[in-house]
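Examining the three-dimensional arrangement
Chain residues, written in single-letter form:
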Amino acid sequence: MTEGTDERAETVVAGDAGQATADTSGQAVVIAFGQTMKTLRVRACLEREEFGRRIGYSASTVASYEQGRRIPSPRTIERADEVLDAGGLLTVWKEQVERAQYPVFFQGMATLEKEAIELLAYDALVVKGLLQTEEYMRALLAMRRPVLDQETIEQRVAARLARQDIFDRRPSPLLSFVMDESVLRHRYGGKDVLRGQLEHLLLIGEKRNVEIQVMPTECEDNAGVNGPFTVVTRKDGKKFVYVEAQSTSSLQTDPEQSALAAARYGIIRSQALTPRESLAFIERLLGEL
């Protein structure tokens, strides 16, 4: 989705229109990978149980990979290639398979996160995916309507957790998050889930490349009334604006609009509590649970 954006400004919109085709394409990639892995396993004269033992999974999980019902992590693909002495026939699929694990409307943003040197995010509905605990993720995904099947939930949890390596990347990207107070009060999944999520925010907020800020409900000014958005700056200095709602998304590449969004975020950040005040605020919320 980011290819070609150097030459012209555009808004890429992903949603229901064309989503069936894109989803089918992603599934086709996963199925083709699974068939390739099965062919190589059979050629190596390994039963599923033995192959699974060598790569650290059960025979049923291996079957899920081979049948395209489950998406392996990049590390699993590397290990499988090594065990099967595939000479790169499996690792060549890594990028395509990794992309297929995300909903089609998020695939462009997932690519940008990997290239980001700065990410600015304002949220008013739920905790940003990059900041979510696994329990919080599962609570949100379980509430989706139409209901998601368990395989899809597992796939999206794994993909979301994998994205969180952005916090430990070197060189470290600059990460700033502002969220409405209401986001921190919703007890999605129950009190224990919320407690774990707030504790996680306190830990992440201590990282030197991360700033977490809270927009109190009592604040009389908020430049973010138009809703959540994310501004990503790529290594080449280009900025992108990502907005998501109701399983659709837009990725704005217009330099003027990206600059305005970054400026708007700066205003939002100035209106919110400071990072130090915000962490103290989160600690108070924890004490109320």
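To keep things clear, this report deals only with the structure shown in the data block.

**A closer look at empty space enclosed by the protein**
Summed over the entire model, instances satisfying the criterion amount to one cavity of 30 Å³ or more. Reported here for the largest cavity is a volume of approximately 70 Å³. Glu-98, Tyr-102, Ala-110, Glu-113, Lys-114, Ala-162, Arg-163, Asp-165 and Arg-169 are the residues that line the largest cavity. For the lining of the largest cavity, the secondary structure elements donating two or more residues are helix H6 (107-115) and helix H8 (150-163). No other element matches the three residues that H6 contributes to the lining of the largest cavity.

**Concerning the layout of surface pockets**
There is about 300 Å³ of room inside the second largest pocket. Surrounding the second largest pocket, 19 residues form its lining, Arg-70, Ile-71, Glu-154, Gln-155 and Ala-158 being those nearest its centre. Looking at the lining of the second largest pocket, the elements with two or more residues in it are helix H4 (74-83), helix H7 (134-142) and H8. Among the residues forming the lining of the second largest pocket, the class breakdown is ten nonpolar, four polar and five charged.

**Brief notes about the environment of Gly-26**
Secondary-structure assignment places Gly-26 in helix H1 (residues 19-43). Sequence separation between Gly-26 and Glu-98 is 72 residues, and the spatial gap between their C-alpha atoms is 9.8 Å.

**Thoughts on the pairing of strand E4 (residues 210-215)**
Consecutive side chains of a regular strand alternate in pointing toward one face of the sheet and then the other. Counting buried positions along E4 gives five out of six residues, so the element sits mostly inside the fold. Pairing of strand E3 (residues 174-180) with E4 involves six bridges; the strand directions are parallel. Considered in E4, the bridge of Phe-177 is made with Ile-212.

**As for the packing of aromatic side chains**
Considering all chains together, one arrives at eight aromatic pairs under this definition. Between Tyr-57 and Tyr-65, the ring centres sit 5.7 Å apart and the planes meet at 80°, which makes this aromatic pair edge-to-face. The partly exposed category is assigned to Tyr-57, whose relative accessible area is 29%. Classification of Tyr-65 as buried rests on a relative accessible area of 3%. Measuring from ring centre to ring centre gives 6.4 Å for Phe-229 and Tyr-265, while their planes differ by 85°; the resulting arrangement is edge-to-face. One end of the pair, Phe-229, is in strand E5 (residues 229-234); the other, Tyr-265, is in helix H11 (residues 255-271), with 36 residues separating them in the sequence.

**Some remarks on unusual backbone geometry**
Arg-145 connects to Pro-146 through a cis peptide bond whose omega is 0°. On the secondary structure map, Pro-146 appears in the loop between H7 and H8. Phi is positive for Cys-45, which is not a glycine, with a value near 60°. On the secondary structure map, Cys-45 appears in the loop between H1 and helix H2 (48-55).

**With respect to the pairing of strand E7 (residues 248-252)**
Relative to E7, strand E6 (residues 239-245) runs antiparallel, the two being bridged by five bridges. Note that in E7 the partner of Ala-245 across the bridge is Thr-248. Connecting E6 to the next strand, E7, in antiparallel fashion are two residues, including Gln-246 with a positive phi near 50°.

**Details of the nonpolar core**
With 41 residues, the main nonpolar core has Leu-131, Phe-167, Phe-177, Leu-201, Ile-212 and Ile-282 as its most contacted residues. Per element, the largest residue contribution to this core is six residues, and it comes from helix H10 (residues 191-204). Leaving out residues up to four positions away in the same chain, Ile-282 has contacts with Leu-184, Leu-198, Leu-201, Leu-202, Ile-212 and Val-214. Residues Leu-40, Tyr-65, Ala-80 and Val-83 belong to the second largest nonpolar core, which totals 20 residues.

**Structural notes on the packing of H7 against H8**
Taken N-terminus to C-terminus, the directions of H7 and H8 make an angle of 140°; their axes are 10 Å apart at the nearest point. On the basis of the axis angle, H7 is oblique to H8. Of the two possible hands of crossing, H7 and H8 adopt the one that is right-handed. Within the contact between the two elements, H7 uses Glu-134, Met-137, Arg-138 and Leu-141 and H8 uses Gln-150, Ile-153, Glu-154, Arg-156, Val-157, Arg-160 and Leu-161. A breakdown of the residues in the contact of H7 with H8 according to their chemical character gives five nonpolar, one polar and five charged.

**Re H2**
Every α-helix carries 3.6 residues per turn, so stepping three or four residues along brings you back to the same face. By the burial criterion, the buried members of H2 are Phe-51, Gly-52 and Ile-55. The buried residues of H2 occupy an angular sector of 100° when the element is viewed end-on, so they sit on one face. In H2, those exposed residues whose orientation departs by more than 90 degrees from the buried face are Glu-49 and Arg-53. Remark: Gly-56 follows H2 within two positions and exhibits a positive phi of approximately 90°.

Reading guide: rules and limits
Residues numbered from 1 in each chain as written. Predicted model: local features only at pLDDT ≥ 70, side-chain atom pairs only at ≥ 80, totals over all residues. Heavy atoms only, no water. 1 Å grid on protein atoms, 1.4 Å probe; cavity = no way out; pocket = protein on both sides within 12 Å on 5 of 7 lines; lining within 4 Å. Points joined across faces, edges and corners; volume = space filled by probe spheres on them. Helix = DSSP H or I, 4+ residues; strand = E, 2+ residues; numbered from the N terminus. Nonpolar A, V, L, I, M, F, W, Y, C, P; charged D, E, K, R; others polar. Buried < 20%, exposed > 50% of the residue type's maximum accessible area, 1.4 Å probe, protein only. Pairing = 2+ DSSP bridges. Phe/Tyr/Trp six-rings, centres within 6.5 Å; stacked < 30°, edge-to-face > 60°. Core = buried A, V, L, I, M, F, W, Y, C linked by side-chain atoms within 4.5 Å. Contact = heavy atoms within 4.5 Å. Axes fitted to C-alpha atoms, helices over the stretch in contact; angles between N-to-C directions. Parallel < 35°, antiparallel > 145°, perpendicular 65-115°, else oblique. Left-handed = near helix turned anticlockwise from the far one by under 90°. Arc of directions from axis to C-beta.

Everything listed here is a matter of coordinates, which is why it stays silent on function.
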